[in-house]
Amino acid sequence: MYEEHANVTMYNLSPISWFVLRAIEYTNCNPIEGFACVEGFSDISLGLLGEFPEEIAILALNENFSKFMFNDDSVFHNPELAKKKIDEIATTFSNDEETSKAFSKIYDIIKFRLAEGYDCANSTLLENPCLVLQNFKQAFDRKSSNFHDHAKERGIRAGEDILRKVEHDKAKYDELNELLTEARLVSRVRDERALLTDLTAMGVIHHFLLECGKRLIQ
């Protein structure tokens, strides 16, 4: 099991790392410039909008949902208000099945993910309702500003800038171009691995340990 996880991890992380190392060697760029070449090529790295485009589209088009969720900025800073807001969605939109299902699908999938880090001692999104609402607000803002398209444009330009520095050397140009193509192809798989395995698995373990502790005390 461990060996399989290690192999998958290497497959996900090696292409971009190898491209960046070669880019630094051949063009004297910095690591940030190298990693910028894959920006926008992994939808889910752009947050909820990239991971749940259809559901976010449904929610963003519903003016009543937006007003209900974001009419008071205090929900972004007050956990009690944020939790109350999330809990009220089911009843408030009980007559709007499409909206209710779209929100529930997203929330049910993300709530057990770690809010930060990769340690099972860290809290999850379920325990950080303010962060949940912030993520939804970010998704709405990014949808209205065509954030994904602009991110990919930046990634393409960054790649062109790197390749332009070695266009006089065909061997280096071809090598970097091939490495960049592979890095972009697996960038989504790399991010899916982090979201769907590491963050989620550690989040589930986090709540499992909390429940074990509660039962031991009882």
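Residues numbered from 1 in each chain as written. Predicted model: local features only at pLDDT ≥ 70, side-chain atom pairs only at ≥ 80, totals over all residues. Heavy atoms only, no water.

A. Here's a closer look at unusual backbone geometry. The phi dihedral of asparagine 28 falls on the positive side, at around 65 degrees, and the residue is not glycine. Tracing the sequence through the fold places asparagine 28 in the loop between α1 (2-27) and α2 (31-35). Unusually for a residue other than glycine, asparagine 146 sits at a positive phi of about 55 degrees. As for its placement among the helices and strands, asparagine 146 is situated in the loop between α8 (129-144) and α9 (147-164). (Helix = DSSP H or I, 4+ residues; strand = E, 2+ residues; numbered from the N terminus.)

B. Structural view of the pattern of salt bridges. All told, the structure shown has 13 salt bridges when counted by the stated rule. We note a salt bridge from lysine 170 to aspartate 174, for which the minimum N-O separation is 2.6 Å. With lysine 170 and aspartate 174 both in helix α10 (residues 170-217) and four residues apart, the pair spans about one turn of that helix. Judged by its relative accessible area of 59%, lysine 170 falls in the exposed class. Where salt bridges share partners, they join Arg22, Glu25 and Glu175 into one cluster. (Salt bridge = Lys/Arg side-chain N within 4 Å of Asp/Glu carboxyl O. Buried < 20%, exposed > 50% of the residue type's maximum accessible area, 1.4 Å probe, protein only.)

C. Main features of a nonpolar patch on the surface. A cluster of nonpolar side chains, Phe112, Leu126 and Val204, forms an exposed patch at the surface whose accessible area comes to about 220 Å². Position of leucine 126 relative to the elements: it lies in the loop between α7 (97-110) and α8. Taking relative accessible area as the criterion, leucine 126 reaches 34% and is therefore assigned partly exposed. (Patch = residues over 30% accessible without salt bridge, like charges linked within 9 Å, V, L, I, M, F, W, Y side chains within 5 Å. Areas by Shrake-Rupley, 256 points an atom, 1.4 Å probe, with all protein chains shown as cover.)

D. Representation of the environment of proline 53 within the structure. Among the structural elements, proline 53 can be located in helix α4 (residues 53-61). Measuring from C-alpha to C-alpha, the distance between proline 53 and arginine 193 comes to 19 Å, with 140 residues separating the pair along the chain.

E. Local environment of the packing of α4 against α7. Here α4 crosses α7 at 135 degrees, and the two axes come no closer than 9 Å. With respect to α7, the element α4 is oriented oblique. Handedness of the α4/α7 crossing: left-handed. Contacts from Glu55, Ile56, Ile58 and Leu59 of α4 reach α7 at Glu98, Thr99, Ala102, Phe103, Lys105 and Ile106. Classifying every residue of the contact of α4 with α7 gives six nonpolar, one polar and three charged. (Axes fitted to C-alpha atoms, helices over the stretch in contact; angles between N-to-C directions. Parallel < 35°, antiparallel > 145°, perpendicular 65-115°, else oblique. Left-handed = near helix turned anticlockwise from the far one by under 90°. Contact = heavy atoms within 4.5 Å. Nonpolar A, V, L, I, M, F, W, Y, C, P; charged D, E, K, R; others polar.)

F. Representation of α8. The terminal C-alpha atoms of α8, which comprises 16 residues, lie 23 Å apart, in line with the 22 Å expected from a rise of 1.5 Å per residue. If you check which residues of α8 are buried, you get Pro129, Cys130, Val132, Leu133, Phe136, Ala139, Phe140 and Arg142. Taken together, the buried residues of α8 touch α3 (48-51), α4, α5 (63-70), α6 (79-92), α7 and α9. Following α8 by one or two positions, asparagine 146 has its phi on the positive side, about 55 degrees. (Expected span 1.5 Å × (residues − 1).)

Bear in mind that shape data such as this cannot, by itself, settle questions of function.
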